[in-house]
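Given next are the chains, with one letter for each unit.
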Amino acid sequence: AQSVTQLDSQVPVFEEAPVELRCNYSSSVSVYLFWYVQYPNQGLQLLLKYLSGSTLVKGINGFEAEFNKSQTSFHLRKPSVHISDTAEYFCAVSSNTGKLIFGQGTTLQVKP
Amino acid sequence: SQTIHQWPATLVQPVGSPLSLECTVEGTSNPNLYWYRQAAGRGLQLLFYSVGIGQISSEVPQNLSASRPQDRQFILSSKKLLLSDSGFYLCAWSREGSSYNSPLHFGNGTRLTVT
């Protein structure tokens, strides 16, 4: 069975500072990894995905994530955040034997 | 381009009343369709998914049901709402066929409050 753990429920950070949102997964088979963002009272929007190939994946809004198979991690990073990045972020994992499983979410709070 | 519509945006219903939430997708054929529920601090829980008309899979036993009367229409229903049914309900679609590596596209959600 697959599972996803987002290690931080809330991450406060000042504007223009770098940020890392952590995600670890467990799976006995090859996985596909995703990060979604949810702005208040809206649905989720895909930020980026890892299916295969380069382990460093670039997404929208300046975000990137790195797939680390040995550490079973897929952390999300941005070198300089804006107030508009304040949102909830979800890591998700799937494989060819299962469905998409979401983590509990991390709330990113960008302060001026 | 593909779009997904979900309504209503907010809903307040008394305990014991029926529920019907509707979701439609435009611009694609035979999509996989999903209903998720998001409770505060609990992430997203997959409730139902459908790979075709009349084909519904339920992920968890509950007070809710789903139907897919048309290719691009997905309905979430309940005959009698419980307080525990309160939450944020999200409809989503992905491309037909193998969905494990296809991203999901979400609607804007329905905030349901059962009083």
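See the structure shown above.
All of these numbers come straight from a predicted model, not from anything done at the bench.

J.: Give a description of the overall build of chain A that names residues and reports values.
T.: A tally of helices and strands in chain A yields zero helices and 12 strands. Reading the secondary structure of chain A in the N-to-C direction produces β-β-β-β-β-β-β-β-β-β-β-β. Here the C-alpha radius of gyration of chain A, 13 Å, is about what a compact globule of 112 residues would show, namely 13 Å. Expressed as lengths along the three principal axes of its C-alpha atoms, the size of chain A is roughly 45 × 30 × 20 Å. Partitioning the intrachain contacts of chain A with sequence separation of at least 6 by distance along the chain shows that 56% fall at a separation of at least 24. One finds the centroid of the 8 positive side-chain charges in chain A at a distance of 9 Å from the centroid of its 8 negative side-chain charges.

J.: Describe the pairing of strand 2 (residues 10–14) of chain A, listing the residues and the values that go with them.
T.: Residues and elements named next belong to chain A. Across the two faces of strand 2 the burial differs, with Val11 and Val13 buried and Gln10, Pro12 and Phe14 not buried at all. Across five bridges, strand 2 lies against strand 12 (residues 106–111) in parallel orientation. Pairing of Val13 across the sheet is with Val110, part of strand 12.

J.: A description of the state of the cysteines should follow, citing residues and the corresponding values.
T.: Put plainly, a disulfide is one covalent bond tying together the sulfur atoms of two cysteines. Residue and element names in this part refer to chain A. All chains considered together, the criterion is met by two disulfides over all chains. Between the sulfur atoms of Cys23 and its disulfide mate Cys91 the distance is 2.0 Å. Across the S-S bond linking Cys23 and Cys91, the dihedral sits near -65°, which makes this disulfide left-handed. Note that Cys23 is positioned in strand 4 (residues 23–26) and Cys91 in strand 10 (residues 87–94), a separation of 68 residues in sequence. The same class applies to Cys23 as to Cys91, namely buried.

J.: Go over the nonpolar core, please, and point to the residues and values.
T.: Among the nonpolar cores identified, the biggest contains 28 residues, and A:Trp35, A:Leu48, A:Leu76 and A:Tyr89 are the most heavily contacted of them. Take this core: its biggest share by element is four residues, from strand 10 of chain A. When near neighbours in sequence (up to four residues on either side) are disregarded, A:Tyr89 contacts A:Gln6, A:Leu21, A:Trp35, A:Tyr36, A:Val37, A:Leu47, A:Phe63, A:Leu76, A:Gly105, A:Thr106 and A:Leu108. Within the second largest apolar cluster, 19 residues are counted, among which are B:Leu19, B:Trp35, B:Phe48 and B:Trp93.

J.: Account for the pattern of salt bridges, naming residues and giving values.
T.: Residue and element names in this part refer to chain A. Going through the model one piece at a time under the given rule, you end up with seven salt bridges over all chains. With a closest N to O distance of 3.6 Å, Glu66 and Arg77 form a salt bridge. Linking Glu66 in strand 8 (residues 64–68) with Arg77 in strand 9 (residues 73–78), this pair joins segments that are 11 residues apart in sequence. Taking the relative accessible area as the measure of exposure, Arg77 reaches 27% and is therefore partly exposed.

J.: Which residues make up the packing of aromatic side chains, and what values do they have?
T.: Residues and elements named next belong to chain A. Going through the model one piece at a time under the given rule, you end up with 13 aromatic pairs over all chains. A ring pair is formed by Tyr36 and Phe102, whose centres lie 5.6 Å apart and whose planes are at 55°; its orientation type is tilted. Taken as a pair, Tyr36 in strand 5 (residues 32–38) and Phe102 in strand 11 (residues 101–102) lie far apart in primary sequence, 66 residues in all. Each member of the pair, Tyr36 as well as Phe102, is classed as buried. Consider the rings of Phe63 and Tyr89, whose centres lie 5.4 Å apart with planes at 45°: the pair is tilted. Of the two residues, Phe63 is situated in the loop between strand 7 (56–58) and strand 8 and Tyr89 in strand 10; the sequence distance between them amounts to 26 residues. Judged on exposure class, the residue Phe63 and its partner Tyr89 are both buried.

J.: Before we move on, could you go through the sheet that holds strand 1 (residues 3–7) of chain B and cite the residues and values that matter?
T.: Residues and elements named next belong to chain B. Pairing in this open sheet of four strands is antiparallel, and the strands run 1-3-8-7 from one edge to the other. A single partner strand is all that each edge strand has here, and the edge strands are strand 1 and strand 7 (65–70). Shown here is a sheet whose adjacent strand axes are inclined to one another by a mean of 20°, direction ignored.

J.: Let's hear about the environment of A:Leu7: which residues, and what values?
T.: Residues and elements named next belong to chain A. Locating Leu7 in the fold gives a position in the loop between strand 1 (3–6) and strand 2. Considering only alpha carbons, one finds Leu7 and Pro40, 33 residues apart in sequence, at a separation of 21 Å. Contact partners of Leu7, with chain neighbours within four places excluded, come to Arg22 and Asn24.

What counts and how
Residues numbered from 1 in each chain as written. Chains lettered and ligands numbered in written order. Predicted model: local features only at pLDDT ≥ 70, side-chain atom pairs only at ≥ 80, totals over all residues. Heavy atoms only, no water. Helix = DSSP H or I, 4+ residues; strand = E, 2+ residues; numbered from the N terminus. Rg over C-alpha atoms; globule rule 2.2 N^0.38 Å. Contact = heavy atoms within 4.5 Å. Lys, Arg positive; Asp, Glu negative; His and termini not counted. Charge placed at Lys NZ, Arg CZ, Asp CG, Glu CD. Buried < 20%, exposed > 50% of the residue type's maximum accessible area, 1.4 Å probe, protein only. Pairing = 2+ DSSP bridges. Disulfide = S-S within 2.5 Å. Core = buried A, V, L, I, M, F, W, Y, C linked by side-chain atoms within 4.5 Å. Salt bridge = Lys/Arg side-chain N within 4 Å of Asp/Glu carboxyl O. Phe/Tyr/Trp six-rings, centres within 6.5 Å; stacked < 30°, edge-to-face > 60°. Axes fitted to C-alpha atoms, helices over the stretch in contact; angles between N-to-C directions.

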